[in-house]
Protein chains: 2
Amino acid sequence: MALRKDHGPLEQVIKYLSTLPGLGPRSARRVALYLLEHKMDVLRPLITAMDDAAEHVTSCHICGNLDTLNPCRICADTTRDHNLLCVVASVADVWAIERTGSYKGLYHILGGVVSALDGITPEQLRIPQLIERVTRHDFREIILALSATVDGQTTAHIVQDKLSPFSVPITRLAHGVPVGGELDYLDDGTIVTALRSRARL
Amino acid sequence: MALRKDHGPLEQVIKYLSTLPGLGPRSARRVALYLLEHKMDVLRPLITAMDDAAEHVTSCHICGNLDTLNPCRICADTTRDHNLLCVVASVADVWAIERTGSYKGLYHILGGVVSALDGITPEQLRIPQLIERVTRHDFREIILALSATVDGQTTAHIVQDKLSPFSVPITRLAHGVPVGGELDYLDDGTIVTALRSRARL
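Residues numbered from 1 in each chain as written. Chains lettered and ligands numbered in written order. Predicted model: local features only at pLDDT ≥ 70, side-chain atom pairs only at ≥ 80, totals over all residues. Heavy atoms only, no water.

## Concerning the nonpolar core
- In this structure, L17 and I142 of chain A together with L17 and I142 of chain B are the most contacted members of the largest nonpolar core, which totals 115 residues.
- In this view, I142 of chain B contacts L85, V87, V134, L163, V168, P169, I170 and T171 of chain B; residues no more than four positions away in its chain are not counted. (Core = buried A, V, L, I, M, F, W, Y, C linked by side-chain atoms within 4.5 Å. Buried < 20%, exposed > 50% of the residue type's maximum accessible area, 1.4 Å probe, protein only. Contact = heavy atoms within 4.5 Å.)

## Observations concerning the relation of the copies chain B and chain A
- Expressed as a screw operation, the relation of chain B to chain A combines 0.0 Å of axial shift with a rotation of 179°, fitting to an RMSD of 0.1 Å. Such a turn and shift between the copies fits a two-fold axis. Nearest to the rotation axis, the C-alpha of I47 of chain B is located 3.0 Å from it, this being the minimum over chain B.
- Take the interface residues of chain B: 100% of them recur as interface residues in chain A, which is what a same-surface contact looks like. (Least-squares fit on C-alpha atoms with pLDDT ≥ 70 in both.)

## As for the domain arrangement of chain A
- What the domain assignment lists for chain A is domain 1 (8–56) and domain 2 (66–172).
- Relative placement of domain 1 of chain A and domain 2 of chain A: their C-alpha centres are 32 Å apart. (Domains from an automatic or database assignment.)

## Regarding the sheet that holds strand β4 (residues 106–109) of chain B
All names here are of chain B.
- On the basis of which strands lie adjacent, the open sheet formed by four strands has the order β4-β3-β5-β6 and parallel pairing. Among the strands making up the open sheet, the edge pair consists of β4 and β6 (170–172). Averaged over all pairs of adjacent strands, the angle between their axes in this sheet comes to 25°, without regard to strand direction.
- Of the strand pairs in this sheet, strand β3 (residues 84–88) and β4 are connected by four bridges, and their pairing is parallel. Paired with V88 across the bridge in β4 is I109.
- Packed on one face of the sheet, helix α5 (residues 91–100) meets β3 and β4 and runs near 155° to β4.
- Across the sheet, helix α7 (residues 150–163) lies against β5 (141–144) and β6, angled at about 160° from β5, the strand it touches most. (Pairing = 2+ DSSP bridges. Helix = DSSP H or I, 4+ residues; strand = E, 2+ residues; numbered from the N terminus. Axes fitted to C-alpha atoms, helices over the stretch in contact; angles between N-to-C directions.)

Encoded structure:
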């Protein structure tokens, strides 16, 4: 059999690839074949990069960001505004905000949002670390940059509740029509919110 | 910057992941984060498996299949029918046919199909190796198991043409209604072919 049950290296690669987000058994097989066909220009460099990442990339003990340094480059950057804190769900959200180049404060990564479906409870999030940071340092403002989904907003409420003993002002991202978004394609909730929060010209 | 331009290990992983089929920059970032979050249970074993595959998996010099052995397990299997040859485009096709468990002959992998769009010419396919096999060995039948696409059928015609000096019977896969397929969703070409090749009950 070409695809044996005896866990040959190719089958092992396919097995682990198929556990990755967005990859199923079929796409994992396709990727594995592609890797073997591009052994020198893709597979070998990818192994080296992954090995390097596994060895050197760690979670920043302050904010939870992934970096080769700990504290991470953002937490260690003295040119950033250390009195402004942005609470996000994941590292991907940090990257998304950093790509805009419009934010110069610090981050706190919760490591997810509460989710009844995925069984993620508030206890699994980095909320105690956030409380500790807020206790230790007087932030000027805390921005809750969480998704405008049910889970994201539930998480925002929980975080807001935990932060209520502190006098720090808490803000959230504005809701409204996405830039470039067509009204016709927007859901009713967004239109209602955008109407309510309309701005004077 | 969290996503730096200085080619840190995480950025390298994302760079190589985004070259894989079916993965774009966004899904590559998602996969990279997932790998870092599952360092011990996914990333490390995947590195080991990929390293193992890169080291041990080679292309069979007879049929072109990928295996840790050369000749591959299929070519070396004396219980298989060595007088029956199935010509396929890729290793994935071998796996697809092997999964059915209904074929016990040998394979010949062309390594693709001719494609004007992708610039793949007949010279890039393993056709000379096929001719050599057919010259050396008297096959009872050669099955052209190529896709029913324009490129697949063009390749089939080219292979058929190259094999014409030999007296070996050449067959192709049957065209018709896929098992479980609804007539209403089938293209006209398939319905016409299925009608023409209708079988007596």
